[in-house]
Amino acid sequence: MINSVTIKPVNIDDAGKILEIYGYYVLNSAVSFEYKVPSEEEFRERIKK
């Protein structure tokens, strides 16, 4: 069986869900250079840029 992955462009409305995933790694790993999870509004601004 072949599994597939669909990749789609990010949408501003995806910010909350993406932040849930990203925030975990900010707090629990060394894969991010951030020490504090950004707010959802800040994350939305990053997506806009």
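The rules behind each value
- Numbering of residues starts from 1 in every chain and runs along the sequence as written.
- Per-residue local features are limited, in this predicted model, to residues with pLDDT of at least 70; the limit for side-chain atom pairs, both in listing and counting, is 80 or more; totals at the level of whole chains, interfaces and linings are taken over all residues.
- Side-chain numbers here rest on the full set of heavy atoms in the structure, without hydrogens or water.
- Only DSSP runs of H or I reaching four residues or more are called helices, and only runs of E reaching two or more are called strands; each is numbered from the N terminus.
- The contact rule is simple, with two residues in contact once any of their heavy atoms fall within 4.5 Å.
- Each accessible area is a Shrake-Rupley result for a 1.4 Å probe, and residues are judged covered by the shown protein chains and nothing else.
- Think of it this way: Lys and Arg go in the positive column, Asp and Glu in the negative one, and His and the chain ends go nowhere.
- A charge is said to be at NZ when it belongs to Lys, at CZ for Arg, at CG for Asp and at CD for Glu.
- Working definition: rings of Phe, Tyr and Trp (its six-membered ring) pair if their centres are within 6.5 Å, and the pair is stacked with planes under 30 degrees apart, edge-to-face with planes over 60 apart, and tilted otherwise.
- Exposure is judged per residue with a 1.4 Å probe applied to protein chains only, and the accessible area is read against the type maximum: over 50% gives exposed, under 20% gives buried, and values in between give partly exposed.
- Each patch is built from residues lacking any salt bridge and having more than 30% relative accessible area; the joining distance is 9 Å for like charges and 5 Å for nonpolar side chains (Val, Leu, Ile, Met, Phe, Trp, Tyr).
- Any Lys or Arg side-chain nitrogen located within 4 Å of an Asp or Glu carboxyl oxygen qualifies as a salt bridge.
- In this analysis, axes come from line fits to C-alpha atoms, helices being fitted only over the stretch in contact, and the angle between any two N-to-C directions falls in the range 0 to 180 degrees.
- Convention used here: angles under 35 degrees read as roughly parallel, angles over 145 as roughly antiparallel, angles from 65 to 115 as roughly perpendicular, and any remaining angle as oblique.
- Charged residues are taken to be Asp, Glu, Lys and Arg, nonpolar residues to be Ala, Val, Leu, Ile, Met, Phe, Trp, Tyr, Cys and Pro, and polar residues to be all remaining types, Gly included.

Student: Report on the overall build of the protein, specifying residues and quantitative values.
Tutor: Looking only at helices and strands, the protein has 2 helices and 0 strands in total. Dimensions of the protein, computed from the C-alpha atoms along their principal axes, are close to 40 × 25 × 15 Å. Counting contacts in the protein only where the partners sit at least 6 residues apart, residues at least 24 apart contribute 41% of the total. Put simply, the protein shows about 4500 Å² of open surface, and 59% of that area lies on carbon and sulfur atoms. Across the protein, the centroid of the 7 positively charged side chains sits 1 Å from that of the 8 negatively charged ones.

Student: Lay out the packing of aromatic side chains with the relevant residues and their values.
Tutor: Enumeration according to the criterion identifies 2 aromatic pairs in this entry. Ring plane angle 85° and centroid distance 5.0 Å describe the contact between Tyr24 and Tyr25, whose orientation is recorded as edge-to-face. Taking relative accessible area as the criterion, Tyr25 reaches 40% and is therefore assigned partly exposed.

Student: Go over a nonpolar patch on the surface with me, naming the residues and quoting the values.
Tutor: Together, Ile21, Tyr24, Tyr25 and Val31 line one region of the surface with nonpolar side chains, adding up to about 460 Å² of accessible area. Structurally, Val31 can be placed in the loop between α1 (15-28) and α2 (40-48). For Val31, a relative accessible area of 68% corresponds to the exposed category.

Student: I'd like to hear about the packing of α1 against α2, residue by residue, with values.
Tutor: Between α1 and α2, whose axes approach to 10 Å, the crossing angle comes to 105°. For the element pair α1 / α2, the angle class is roughly perpendicular. Every residue of α2 that contacts α1 at Ala15, Gly16, Ile18, Leu19 and Tyr22 is listed here: Glu40, Phe43, Arg44, Arg46 and Ile47. For the contact of α1 with α2, the per-class residue count stands at 6 nonpolar, 1 polar and 3 charged.

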